[in-house]
Amino acid sequence: MKNIKRNIREYVLKNQPIFVGLEDSKRSWKICVRSDNMTVHETSMPADYEILHNYFTNKFPNCKINVIYEAGFRGFGLADQIHADGWKCIVTPPHTVTEEKCNRQKNDRIDCRRLAKVLETNDYKSCHIPNKKLREDRQISRLYSQNQKDIIRERNRIRRALEFHGLDNQFKPGRWGSKQYKEAWEKINNMDDISASLRFSLESNFAKLGQLLEYKKLITNKLMQLAKSEYYKETVELVKSVPGIGVFTSIRLILEIGDMSRFKRKEELSSFLGLIPSDYSTGEKERKGHITKQGNRALRSWLIESSWIAIRKDPVLFDKYRRVFNNNGRQSKKAIVAVAKKLAMRVRAVILTQQSYMVGVIE
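Since the structure is predicted, the reported quantities are computational estimates derived from the model, not experimental observations.

Calculation criteria
- Residues numbered from 1 in each chain as written.
- Predicted model: local features only at pLDDT ≥ 70, side-chain atom pairs only at ≥ 80, totals over all residues.
- Heavy atoms only, no water.
- Helix = DSSP H or I, 4+ residues; strand = E, 2+ residues; numbered from the N terminus.
- Contact = heavy atoms within 4.5 Å.
- Buried < 20%, exposed > 50% of the residue type's maximum accessible area, 1.4 Å probe, protein only.
- Pairing = 2+ DSSP bridges.
- Arc of directions from axis to C-beta.
- Salt bridge = Lys/Arg side-chain N within 4 Å of Asp/Glu carboxyl O.
- Axes fitted to C-alpha atoms, helices over the stretch in contact; angles between N-to-C directions.
- Parallel < 35°, antiparallel > 145°, perpendicular 65-115°, else oblique.
- Nonpolar A, V, L, I, M, F, W, Y, C, P; charged D, E, K, R; others polar.
- Polar contact = N/O pair within 3.5 Å; in protein donor to acceptor, adjacent residues only side chain to side chain.
- Left-handed = near helix turned anticlockwise from the far one by under 90°.

A. Expanded view of the overall build of the protein chain. Looking only at helices and strands, the protein chain features 13 helices and 7 strands. The long-range share in the protein chain, meaning contacts at least 24 apart out of those at least 6 apart in sequence, stands at 58%.

And the structure:
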């Protein structure tokens, strides 16, 4: 009976496209296979690519295999393996997968069926999959961000500890830089009226902060080395020509954005950066809201920081800032976001045209 079913499946599906929804988890994969608007097979297997490969080659020989799974903790490694075998693979953002509003059930089997269906009907959005080198180099930029968060967290712990034990009045109020933290530890270390326990705790905090700051220097040096490497050097020089953007920001923008040519229109890049206004229009009513803030938050932050510098160097960008500022109730946030969007378009222009930016020329 099994051989009969297999022969029928091979006869019906031979040389036909099949659409595979794969629900990924750490230990197991749920699989739903569709073809010709019907489900032809469902199964579950350990999360092992060799088993998946054998499943496709044994059960669906000579079929055109298309796989879709949601982006998640496993990254793009599974997609790399599927592509290496000559099959098509789509990685889709989880929040964009269509789902029935009335559906009150959710489990892995339902999810893999839904994925297979949206793949077959071409009703999906796909993630851009950067090449392996770019993904691995980009991890250094993200390591820098993680380390920076740890530095801020450790500094906050020190300030809160000083406040809790009534020592804050002996130090300068307001925001501290690295110099102020160094001076604070020197002063604490010379105090005779604090206990050994408190001294030990604060010494541990300051020591950890010192290690994080040293680690920051190492990561920064590694990013600068990447910027000077043959693979990135030319693009870094182009992006660096845009006012307000230095070498450090250039390499991080390049690593996060990846292939700029995938944005065929300016609006696509703006949407990727989350710098387009939200829209709640219906019928004859139009209502534009704040920017969507979708995409990478760090990218928006870097562009906005660079924009504050750029408006002091480029009269065209300053004019853009001034007009938006005056037309929106003198709101500096809206004005600088508008400049950041314009700055992003200029980064796109210099990369696609392979020409350095000239102040006031590229609009």
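Structure's up, so let's keep going.
B. Main features of the pairing of strand β5 (residues 88-92). β5 sits mainly inside the fold: 4 of its 5 residues count as buried. Of the strand pairs in this sheet, strand β4 (residues 64-70) and β5 are connected by 5 bridges, and their pairing is parallel. Bridge assignment links I68 to a residue of β5, and that residue is I90.

C. Quick look at helix α8 (residues 233-240). Listing the buried residues of α8 in full gives V236, L238 and V239. The buried residues of α8 occupy an angular sector of 160° when projected down its axis, which confines them to one face. On its buried face, α8 sits against α7 (196-228), α9 (247-257) and α13 (332-353).

D. Molecular detail of the pattern of salt bridges. Using the criterion set out here, one finds 20 salt bridges in the structure. Here D111 ties to R114 by a salt bridge, and the two come within 2.7 Å at their closest N and O atoms. Within this pair, D111 and its partner R114 are both found in helix α4 (residues 108-120), separated by 3 residues, close to a single helical turn. Accessibility assignment for this pair places D111 and R114 in one class, buried. Here the residues in one salt-bridge network are E154, R157 and K208, joined through shared partners.

E. Structural context of α9. Counting buried positions along α9 gives 9 out of 11 residues, so the element sits mostly inside the fold. Taken together, the buried positions of α9 are occupied by T249, S250, I251, R252, L253, I254, L255, E256 and I257. Tucked inside the fold, the buried residues of α9 contact α5 (132-164), α7, α8, α10 (266-273) and α11 (297-310). Just beyond α9, the residue with positive phi is G258, at close to 75°.

F. Seen up close, the packing of α7 against α9. In the contact formed by α7 and α9, the axes pass within 9 Å of each other and the chain directions differ by 75°. The angle between α7 and α9 places the two elements in the roughly perpendicular class. Counting all contacts with α7, which are made through T220, L223, M224, L226 and A227, the residues of α9 involved are V247, F248, I251, R252 and L255. In the contact of α7 with α9, the residues fall into 8 nonpolar, 1 polar and 1 charged.

G. Structural view of the environment of D80. Examined against the element boundaries, D80 turns out to sit in helix α3 (residues 77-84). Relative accessible area serves as the criterion here: at 29%, D80 is assigned to the partly exposed category. For the pair D80 and I129, spaced 49 residues apart in sequence, the C-alpha separation works out to 9.0 Å. Ignoring any residue separated from it by four or fewer positions in sequence, one finds D80 in contact with I129 and R135.

H. Region of interest: the environment of N107. Mapped onto the elements, N107 comes out in the loop between β5 and α4. With a relative accessible area of 37%, N107 lands in the partly exposed category. Distance in space between the C-alpha atoms of N107 and E23 is 9.5 Å, their sequence separation being 84 residues. A polar side-chain atom of N107 sits 2.8 Å from the main-chain amide nitrogen of I110.

I. Layout of the packing of α9 against α11. The contact between α9 and α11 brings their axes to 11 Å, and the two run at 150°. The orientation of α9 with respect to α11, classified from their angle, is roughly antiparallel. When you trace α9 past α11, the crossing you get is left-handed. Along the contact surface, α9 presents T249, R252, L253, E256 and I257, while α11 presents L299, W302, L303 and S306. Looking at the contact of α9 with α11, its residues break down into 5 nonpolar, 2 polar and 2 charged.

J. Broad picture of unusual backbone geometry. For N37, which is not glycine, the phi torsion reads 65° and is therefore positive. Residue position: N37 is located in the loop between β2 (28-35) and β3 (38-46).

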